[in-house]
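As a plain string of letters, each chain reads:
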Amino acid sequence: MSPMPAAFAPAPMPEDKLSLLTRLTEGLEPHSLWWLSGYAAGLAERAPERPVERAAERGAARPGIAAETLGAVKLSIVYGSQTGNSKRLAEQLAAQAESAGLATRLLRADAYPLRELKDERLLYLVISTQGDGDPPEDARGFVEYLAGKRAPELKRLKFAVLGLGDSSYPQFCGIARRLDLRFAQLGAQRLLDRGEADLDIESVATPWLQRALQTAKEQLKTSAPLASVTPLRPGPQAASPWSKEKPYAAELLLKQRISGRGSQKDVRHIELSLEGSGLSYQPGDALGVWAQNSPPLVAGVLAALHLDGEQLVSHGGVQLPLRDWLVGRRELSKLSRPFLLQHAERAQDSTLKSLLAPEQSAALGEFVAQRQLLDLLLQYPADWSAEALVAALRALTPRLYSLASSQLHVGPEAHLTVHHVHYQSVAGARWGVASHFLSAQDEGAQVPIFIEANARFRLPKDASRDLIMIGPGTGVAPFRGFVQERAAVGASGKNWLLFGNPHARHDFLYQLEWQQALKAGQLQRLDLAFSRDHAHKHYVQHLLEQNGRQVYAWLESGAHLYLCGDATRMARDVEAALLALIALHGAHDPDSARDYLSALQAQGRYARDVY
Ligand code: NAP
């Protein structure tokens, strides 16, 4: 049994309690630990406070510190995060608040004990918006609860919301806006204007977090730093020298097309070396890739603007040739609303201006989906200086791919399944940034990468549990890692994969591997939906419908259910099919079928990784 982690202050409790606590927390998932920390904080909140004694116990009493700053939790920081950015910011704020002596607790939204909301006094929420107005997976229950009738009055609550989003979508920061409004409707007092951070997160988030910290200090009336109050855990990657900010240059070992020649999709299996990096991951995690824009695309932008790529441009204290800014540091594929506003002014174009009117958000969404920067420049010419362009474009951000391997099987390697995105825009052939970058690299090239842990999407600790994995298209990627891992540990639970893609002949990704896994008893069921091999579309949700009785029986006997792939159409339709089969085979009405699925999610038995 391991003692409490060394980084924590000595535990202010007797040995026997400490030993009990160590046993209780051993092997718990991070979300259970966060829940437990919230539970304990709630108990502390209700218990009579003896702050001065407690400070003395820790040897942390200092003159001039108000008694009420010690003891019970005062600041709750809640985050909802899909790709890890909100989580990182919330952790940063919590660490700063903690070292400023504020009693702080940090909770992922799905670990937040909702019944405590009515007693909260000070809450900061950091939350992203997915695509066009969806909450991140871990905040679905939180958002639903707040929006619903069961949400309590929050007259005693003071709050502030920091939203993260992508301004190329019309519902930019839509979830943060909704919750900000909803807290106020429920009677809570807004302490700070909502922050709305676009892809270049730091330019908005950093000053917002500073203000939030200052405001929390004022609210809790503390000024001197105290000893640690609520131990805050570093993220799982904290021990690694490599991170999003400091990516590892991984050697590209293999790049192989795995869709057939006749396929309309170019899907690549990619293998990268992590040898000697110290990086590790678990099945379900993602790999971040810092891609670069392609030189021909950058040349096109320079030519369209009649700008010289060698011209030096200074921005934010960095000086680089314009070409370098555009290749490695600026987003050229996704247009943002703020950029379009500036461009419309420069172009003096009435069509563009009318698209940017608030009531045109759907039309703007469509416009942006069909155009990259170069298309805009060719269709609606305008003059830009090099400095103004670099300042107006958003920073290039890394792209995340689900890891398609288990390290128990592949050792120090990371495998990906990448759809090389290629389409015809209004003004020519265009590519997805990272998939094009990866596809263009030769084997042996170095790719800047980092691991993004995804604690929401994990195999069950109990290897005897069965798995149902639904992963059409490249959504199958994490399940390759799941099956490899389960085989490596000799898991006794059964594995059932439901996969779909256009044609059996060209798009059966990893066909041989699945067939071998079936033969080896590592995969018990494989159901396939090849959508274009039939007169009518045949999708994974039709497989669920056809096998509803078995799916329900598996769930009833404790199976874990996973869904990965496209968020906009597939995930919505699959979820409808799941609700229908639960209603049919469990004799539930629609509301209780929804409750059944929500309960699975709350137990960590239904996880989605969709975007
Ligand atoms: P895809 O476009 O999702 O197509 C895969 C299969 O799903 C095709 O047979 C397609 O049929 C079918 N399909 C279309 N609409 C559907 C619907 N409403 N319900 C069920 N099935 C439907 O495949 P892809 O090109 O490989 O793209 C995969 C998507 O998953 C991308 O959006 C990618 O970003 C996402 N993805 C997410 C993750 C993640 O979140 N971790 C990982 C990998 C991939 P038809 O085309 O014949 O209509």
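Residues numbered from 1 in each chain as written. Predicted model: local features only at pLDDT ≥ 70, side-chain atom pairs only at ≥ 80, totals over all residues. Heavy atoms only, no water.

Asks: Would you mind showing me how to read the overall build of the protein here?
Replies: Check the secondary structure of the protein and you find 23 helices and 21 strands. Here the protein, with 611 residues, has 52% of them falling under the buried criterion. Look at the contacts in the protein between residues 6 or more apart in sequence, and 76% of them connect residues 24 or more apart. When the accessible surface of the protein is split by element, carbon and sulfur atoms take 52% of a total near 27600 Å². (Helix = DSSP H or I, 4+ residues; strand = E, 2+ residues; numbered from the N terminus. Buried < 20%, exposed > 50% of the residue type's maximum accessible area, 1.4 Å probe, protein only. Contact = heavy atoms within 4.5 Å. Areas by Shrake-Rupley, 256 points an atom, 1.4 Å probe, with all protein chains shown as cover.)

Asks: What's the story with the sheet that holds strand β20 (residues 560-565) in this structure? I'm lost.
Replies: Whenever strands of a sheet pair, they do so through backbone hydrogen bonds, lying parallel or antiparallel. Overall, parallel pairing links the five strands, which are arranged β19-β18-β17-β20-β21 in an open sheet. Every other strand in the sheet has two partners, leaving β19 (525-530) and β21 (606-610) as the edge strands with one partner each. When strand polarity is set aside, the average angle formed by the axes of neighbouring strands in this sheet is 10 degrees. Strand direction decides the pairing type here: strand β17 (residues 467-470) and β20, joined by four bridges, are parallel. What sits directly across from leucine 467, in β20, is histidine 560. (Pairing = 2+ DSSP bridges. Axes fitted to C-alpha atoms, helices over the stretch in contact; angles between N-to-C directions.)

Asks: For this particular structure, what's the right way to read the confidence of the model for the protein?
Replies: For residues with low pLDDT, the predicted coordinates do not support detailed interpretation. Put simply, the protein has an average pLDDT of 88, and 85% of its residues get 70 or more. Note on residues 1-10: pLDDT is under 50 here. Beyond four places in sequence and across chains, it has ten contacts. Low pLDDT, under 50, characterises residues 223-238; the predicted model gives this stretch 45 contacts beyond four residues in sequence or across chains. (pLDDT = per-residue confidence, 0-100.)

Asks: For this particular structure, what's the right way to read unusual backbone geometry?
Replies: One non-glycine residue, histidine 306, lies in the positive phi region at around 55 degrees. Taking relative accessible area as the criterion, histidine 306 reaches 71% and is therefore assigned exposed. Even without being a glycine, glutamine 348 presents a positive backbone phi close to 50 degrees. Here glutamine 348 shows up in the loop between α10 (337-347) and α11 (350-355). You can call glutamine 348 exposed: its relative accessible area is 54%.

Asks: I would appreciate a short explanation of the pattern of salt bridges in the present structure.
Replies: When their charged atoms lie close together, side chains carrying opposite charge are able to pair. Overall, the coordinates contain 32 salt bridges when judged by the stated rule. In this structure, lysine 118 engages aspartate 119 in a salt bridge whose closest nitrogen and oxygen atoms are separated by 3.6 Å. We classify lysine 118 as partly exposed; its relative accessible area is 45%. Aspartate 119 gets classed as partly exposed once you look at its relative accessible area, which sits at 31%. Between arginine 465 and aspartate 462 there is a salt bridge, with the nearest N and O atoms lying 3.5 Å from each other. (Salt bridge = Lys/Arg side-chain N within 4 Å of Asp/Glu carboxyl O.)

Asks: Would you take a moment to explain the environment of leucine 597 for this structure?
Replies: Tracing the sequence through the fold places leucine 597 in helix α23 (residues 590-602). We classify leucine 597 as buried; its relative accessible area is 2%. Once residues lying within four places of it in the same chain are set aside, the contact partners of leucine 597 are Leu561, Glu575, Leu579, Ile582 and Tyr606.

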